[in-house]
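# Coordinate inspection notes
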Amino acid sequence: MSSLCSSNTTEIMFILTGIPGLEAAHIWLSIPFSSIYLVALVGNCTILLIIKTDPSLHEPMYYFLSMLALTDMGLSLSTMPTVLRIFWLNSREISFDACFAQLYFVHTFSFMESTVLLAMAFDRYMAICKPLRYASILNSARIAKIGVAIPCRCIVAVTPSLFLLRRLPFCRSRVLSHSYCLHQDMLRLVCADTTFNSRYGLAVVIVIIVLDPLLIVVSYIMIIKTVVGIASPEERLKAFNNCLSHIFAVLVLYIPMVGLSLVHRFGKHTSPLVHVLMANIYLLVPPVLNPIIYSIKTKQIRKGVLRLLGQRMTYSD
């Protein structure tokens, strides 16, 4: 077994994969991938700038939106170095330490995305169902505590299985399935018993990936019950419009997540291209679409974008 495995992780080099079957077109594929990252970073930076510079947006809803923008930026920056290095330079090797750091941040930020959306659902529930208690419950101190609790929850969830993974021996095969390092991808290269990692990973999925959307659905059931009781059609429409951006953000995250889970569970014999595309959609699309959704569907953010564009045009003149 010692000839087949290595426990000295500092000497291990993994080989990342681009898009299977399209290796010859990687240089051309770098254009859309670079554009995706550029739009994600510029869009989320714009959201943060608008909220920071407009005192009228210093409210709970927009503080949570800032957390979502920061999470989206973190998720984009976690995958960007290896993805663009593969497409630009065809450089596929990555050391174990760098791979471990990347998968740590990728999983932490992806779980944070779900947790922030859950916090935003609670914000919408309080604003619509408990408007008289909204300001007293979601005060600045409590929002700060939620802002600290979100990353702490995700770090605590991710850390145990990843640090156990670091101590396991790896077989001679070093080829990973994606353009970035993922826990389940590295786990299949381990030579030892991975029962704890697999069971712990399932528990984390149940607690975060299953429980979060379930609680979001429950919050919207209660919101719908409250809104239906509102007599005025205009008030109903206004209440639903306040939730529309968040609903789209939830769908953008969880539809690819469910699709990726189904592909991993039932599509073991499908083309590797399908797995790679679903993983890329899950990790790359939400950071791009979220700032676009909030810029289009949220009036205050839309006004802020137009204000920034107007200032830039004035300076250019």
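For clarity, every value in this text was computed on a predicted model and none was experimentally measured.

## Considering the nonpolar core
Looking at soluble globular proteins, one finds that nonpolar side chains tend to be buried together. Of all hydrophobic cores here, the largest spans 88 residues; its most connected members are Phe 14, Leu 65, Leu 117, Phe 170 and Met 186. Looking at which element gives the most residues to this core, the answer is helix 3 (residues 96-129), with 19 residues. Filtering out sequence-adjacent residues up to four positions away, Leu 65 remains in contact with Ile 47, Ile 51, Met 120, Tyr 294 and Ile 301.

## As for the UniProt feature "transmembrane region" (unreviewed entry) in the chain
Mapped onto this numbering, the UniProt entry annotates "transmembrane region" (unreviewed entry) at residues 35-51, 63-88, 100-122, 143-165, 200-223, 244-267 and 273-293. For residues 35-51, helix accounts for 100% and strand for 0%, while the C-alpha atoms at its two ends are 24 Å apart. Across residues 273-293 one finds 100% helix and 0% strand; the C-alpha atoms that close the span lie 28 Å apart.

## Notes on the packing of aromatic side chains
Going through the model one piece at a time under the given rule, you end up with 10 aromatic pairs. Ring geometry for Phe 14 and Phe 96: centres 6.1 Å apart, planes at 40°, overall tilted. Of this pair, Phe 14 sits in strand 2 (residues 13-15) while Phe 96 sits in helix 3, and the two are 82 residues apart along the sequence. Phe 96 gets classed as buried once you look at its relative accessible area, which sits at 1%. Plain terms: the ring middles of Tyr 104 and Phe 163 are 6.5 Å apart, the flat faces sit at 75° to each other, and that makes the pair edge-to-face. Placement of the pair is Tyr 104 in helix 3 and Phe 163 in helix 5 (residues 140-166), with a sequence separation of 59 residues. Relative accessible area serves as the criterion here: at 44%, Phe 163 is assigned to the partly exposed category. In textbook terms, an aromatic cluster arises when at least three aromatic residues are bridged by ring pairs, as seen for Phe 14, Phe 96, Phe 100, Tyr 104, Phe 105, Phe 109, Phe 163 and Phe 170. When the ring centre of Phe 100 is taken as reference, the NZ or CZ atom of Arg 166 above it lies at 5.0 Å.

Quick notes on the rules
Residues numbered from 1 in each chain as written. Predicted model: local features only at pLDDT ≥ 70, side-chain atom pairs only at ≥ 80, totals over all residues. Heavy atoms only, no water. Core = buried A, V, L, I, M, F, W, Y, C linked by side-chain atoms within 4.5 Å. Buried < 20%, exposed > 50% of the residue type's maximum accessible area, 1.4 Å probe, protein only. Helix = DSSP H or I, 4+ residues; strand = E, 2+ residues; numbered from the N terminus. Contact = heavy atoms within 4.5 Å. UniProt positions renumbered as here; feature names shortened; annotations may be inferred. Phe/Tyr/Trp six-rings, centres within 6.5 Å; stacked < 30°, edge-to-face > 60°. Lys NZ or Arg CZ within 6 Å of the ring centre and 35° of its normal.

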